[in-house]
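Structure at a glance
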Amino acid sequence: MIITLRSQSSIEERASLQNYVLRLLGSDSLCRAIVLHERDYLVTTPHRIHHEIETLLLQQNVVEQISPLTTPYQLVSRTFQSERSTVVVGNDIDATSVALGGESGSPVIIAGPCAVESRAQLFATACAVQKAGAHMLRGGVFKPRTSPYAFQGLGLQGLTLLAEARDMTGLPFVTEVMEPEMVDTVAEYADALQIGSRNMYNYPLLQRVGHHQHKRPVLLKRGLSATIEEWLLAAEYIVAAGNPNVVLCERGIRSYDSQTRNVLDLTCVPLLRTLTHLPILVDPSHGTGQRELVAPLSNASIAVGADGLLLEVHHDPDNALCDGRQSITPSHLQHIIHDVTLLTHLFQEHAK
Ligand code: PEP
Ligand code: MN
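Rules of the game
- Residues numbered from 1 in each chain as written.
- Chains lettered and ligands numbered in written order.
- Predicted model: local features only at pLDDT ≥ 70, side-chain atom pairs only at ≥ 80, totals over all residues.
- Heavy atoms only, no water.
- Helix = DSSP H or I, 4+ residues; strand = E, 2+ residues; numbered from the N terminus.
- Buried < 20%, exposed > 50% of the residue type's maximum accessible area, 1.4 Å probe, protein only.
- Contact = heavy atoms within 4.5 Å.
- Areas by Shrake-Rupley, 256 points an atom, 1.4 Å probe, with all protein chains shown as cover.
- Lys, Arg positive; Asp, Glu negative; His and termini not counted.
- Charge placed at Lys NZ, Arg CZ, Asp CG, Glu CD.
- Pairing = 2+ DSSP bridges.
- Axes fitted to C-alpha atoms, helices over the stretch in contact; angles between N-to-C directions.

Our focus in this paragraph is the overall build of the protein chain. Secondary structure assignment for the protein chain yields 11 helices and 14 strands. Considered along the principal axes of its C-alpha atoms, the protein chain spans approximately 65 × 45 × 45 Å. Residues classed as buried in the protein chain amount to 53% of the 352 residues present. Long-range contacts, defined here as pairs at least 24 residues apart, represent 70% of the contacts in the protein chain between residues at least 6 apart. Split by element, the accessible area of the protein chain, about 15,600 Å² in all, is 52% carbon and sulfur. For the protein chain, the distance from the average position of its 27 positive side-chain charges to the average position of its 36 negative side-chain charges is 2 Å.

Written out as structure tokens, the structure reads:
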């Protein structure tokens, strides 16, 4: 259950309501105070409550609304918030900010190399993706590599290069953070923080991106074998820690067939739109592992309702230090953007 408190309530009123709720719900219950978008909420367990308790709570002056929810995730649920969230990445004040989700219907394209390899590689790719029509830049500098002998990323030096590429192209950028201790440092440079698939279950990291100083939006990738409920609960960790700006990213799940790197679960997109108000991206690069499959799966992602795409692009994919097999060229990206734009117009015309 989520209790929305009246905006003008005092600290004392909120504390006394919290005690009252705990008395009503019993000693094994939980009642957590959360502030989101400058509004106060109490999130409680157990999720199901008796009608009489709801009536008693609604009689309290400080209570504005009660949302009884039956799902384990609460704040990210579309039952709690029916309108889809819009997450703004980048500087709100200038024209370079990007809005993800909501009802706009225009897909956001985030493109760039798997890993930042060098100044020359990053700048060549960043300029090319901007020219091709991308709205945001991506690039890993702390790389979660399966082998300890593989290229691990440029670290801090890579962050400064990404910041320079942003200045040059005007594109805000997202980059992965792997450790709670590094969140503030990465957030000083990055416009959005990526939590990689391997870290979806890293709860200290989720909490840290939820309450870090800069409050950057978080792009939360689905765990390698995570259920949709586990994924939404991971998002709930971030929101419950105080950061409502979470974007989900489907990137394929593990299966038994080695023909593709992963199985891109596009079913989750329309399903998630009913379960959560959070924006939803798809990453067909990691989802397929093969550059030939990126274009058709990009179209399919937009057709099922994704709010945007995360695409790995390299100016010389065959010589990339990381994920070259699934990386597309800038001209390939331009074709994809052309096609998904057409598709979007078609849907918008049809909806009129
Ligand atoms: C990435 O986007 O570079 C990445 C490592 O992706 P994932 O966490 O989905 O494997
Ligand atoms: Mn990659």
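Back to the write-up after that little detour.
Looking now at the pairing of strand S14 (residues 308-312). Across the 5 residues that make up S14, a large majority, 5, are buried. Neither face of S14 is exposed, since Gly 308, Leu 310 and Glu 312 on one face and Leu 309 and Leu 311 on the opposite face are all buried. Note that strand S7 (residues 108-112) and S14 share 5 bridges and pair parallel. Looking at the pairing, Ile 109 lines up with Leu 309 of S14. With 2 bridges joining them, strand S13 (residues 280-282) and S14 adopt parallel strand pairing. Following the sheet pairing, Val 282 is matched in S14 by Leu 309.

Strands sit in the order S2-S3-S1-S4 across an open sheet of 4 strands; the sheet is antiparallel. Looking at the sheet topology across the chains shown, the edges are occupied by strand S2 (30-36) and strand S4 (63-67). Taken over all neighbouring pairs, the strand axes of this sheet differ in orientation by 25° on average, direction set aside. Of the pairings in the sheet, the one linking S2 to strand S3 (residues 39-45) comprises 7 bridges and is antiparallel in character. Counted as the bridge partner of Leu 30 is Thr 45 from S3. Running at roughly 160° to S4, helix H2 (residues 51-58) makes contact with strand S1 (2-5) and S4 of the sheet.

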